[in-house]
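A look at the structure
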Amino acid sequence: GQLLRLRGLQRRRRRGEPGALDDDCDGVDDDCDGVADQDGTCSCTAYTELGIDYLFCEGPLSGYDAEADCVARGGHLITILDATENAWAFATVISLGFGTWDYPGWLGFNDHSVEGTFEWSSGEAVNDTNWHENEPNGGGGGGSDEDCVAFTWSGTWNDLSCDETREYICEF
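Scope of this entry: the structure provided in the associated data block. For clarity, every value in this text was computed on a predicted model and none was experimentally measured.

Here we come to the state of the cysteines. Tallied over the full model, the rule gives three disulfides. Between cysteine 70 and cysteine 170 runs a disulfide, and the two sulfur atoms are separated by 2.0 Å. Across the S-S bond linking cysteine 70 and cysteine 170, the dihedral sits near -80°, which makes this disulfide left-handed. On the criterion of sequence distance, the pair formed by cysteine 70 in helix α2 (residues 63-72) and cysteine 170 in strand β8 (residues 165-171) is long-range, its members being 100 residues apart. Each of the two residues, cysteine 70 as well as cysteine 170, counts as buried.

As structure tokens, then:
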């Protein structure tokens, strides 16, 4: 009797069925209650804007590990194609309280391949940039290699060492 009850409970808790657990941290409403990933164990918050799915993740992870996490989930770090997307993503970062670290949120922009030539980790074309004044600076002459990019507190971009840890945004 005990085993049958456990099996029934497991069956009832499959994705998309009432009573399912909602802790997959995948942006999906697994328990069909209208809210995705609300059980408090997820470090990412899912949003859809203009038909694009995003995960805003608390991390903190290095720029390398953040990209690897996004890829493991089926996406990449966010590719910002225009000022509208930049403004929305930055406003969302701030509304979530990101920024407990120096700069709130890794973007998918980097110059890993060729120093000084920035590209999106998704492979999309670079249409627009939003650099902070005097950025990118590749470390500002201090010997640090700054190949990854994050938001500044004003919503502009700064190149930083990929070894630093911070929040990040995945895009799918």
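Another aspect to go through is unusual backbone geometry. The peptide bond linking glycine 59 to proline 60 adopts the cis configuration, its omega dihedral lying at 0°. With omega at -5°, the peptide bond leading from glutamate 135 into proline 136 counts as cis. Position of proline 136 among the secondary structure elements: in the loop between β5 (117-120) and β6 (148-151). We note that leucine 50 has phi near 50°; this positive angle belongs to a residue other than glycine. Within the secondary structure layout, leucine 50 lies in the loop between β1 (44-49) and β2 (52-62). Overall, the relative accessible area of 74% leaves leucine 50 in the exposed class. A positive phi is found at asparagine 134, a non-glycine position, where the angle reads about 65°. Along the chain, asparagine 134 turns up in the loop between β5 and β6.

Rules behind the numbers
- Residues numbered from 1 in each chain as written.
- Predicted model: local features only at pLDDT ≥ 70, side-chain atom pairs only at ≥ 80, totals over all residues.
- Heavy atoms only, no water.
- Disulfide = S-S within 2.5 Å.
- Helix = DSSP H or I, 4+ residues; strand = E, 2+ residues; numbered from the N terminus.
- Buried < 20%, exposed > 50% of the residue type's maximum accessible area, 1.4 Å probe, protein only.

Function-wise, these values are silent; they only describe arrangement.
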